[in-house]
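Structural description and commentary
Here's the letter readout for the chains.
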Amino acid sequence: MRNWLQRVMAGRYGVDHYNRFLNTVAMVCLILSIFLNNVVGTVFWFVAIVALIWSYVRMFSRNIYKRQAENN
């Protein structure tokens, strides 16, 4: 299993500080959406999903130079 994951992630950007920030934002928004059961909760849920998707797009990206530019 570990060798398979190493082969999949070879040449990809991986996790950095911005991805960790996006994941933290997503978790906070998901927790807030649980407690806010109205339109505001739905907005927080939507923001969390978008942050998670963007985090995964960055993590599996092969364009390392663009990801490094985003960090700067």
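Everything below is about the structure printed above this text.
As a starting point, this report considers the structure included with it. Values in this document were obtained by computation on a predicted structure and should not be read as measured data. (Residues numbered from 1 in each chain as written. Predicted model: local features only at pLDDT ≥ 70, side-chain atom pairs only at ≥ 80, totals over all residues. Heavy atoms only, no water.)

Between its first and last C-alpha, helix α3 (residues 39-59) extends 30 Å over 21 residues, near the 30 Å set by a 1.5 Å rise per residue. Of all the positions in α3, only Gly41, Ala48, Ala51, Ser55, Arg58 and Met59 are classed as buried. Considered in projection along α3, the buried side chains sweep an arc of 115° and stay on one side of the axis. Turned more than 90 degrees off the buried face of α3, the exposed positions are Val39, Phe46 and Ile53. (Helix = DSSP H or I, 4+ residues; strand = E, 2+ residues; numbered from the N terminus. Expected span 1.5 Å × (residues − 1). Buried < 20%, exposed > 50% of the residue type's maximum accessible area, 1.4 Å probe, protein only. Arc of directions from axis to C-beta.)

The biggest cluster of nonpolar side chains holds 5 residues, and these are Leu22, Ala26, Cys29, Ala48 and Ala51. The biggest single contributor to this core is helix α2 (residues 17-35), with 3 residues. Once residues within four sequence positions are removed from consideration, Leu22 is found in contact with Ala51, Trp54, Ser55 and Arg58. (Core = buried A, V, L, I, M, F, W, Y, C linked by side-chain atoms within 4.5 Å. Contact = heavy atoms within 4.5 Å.)

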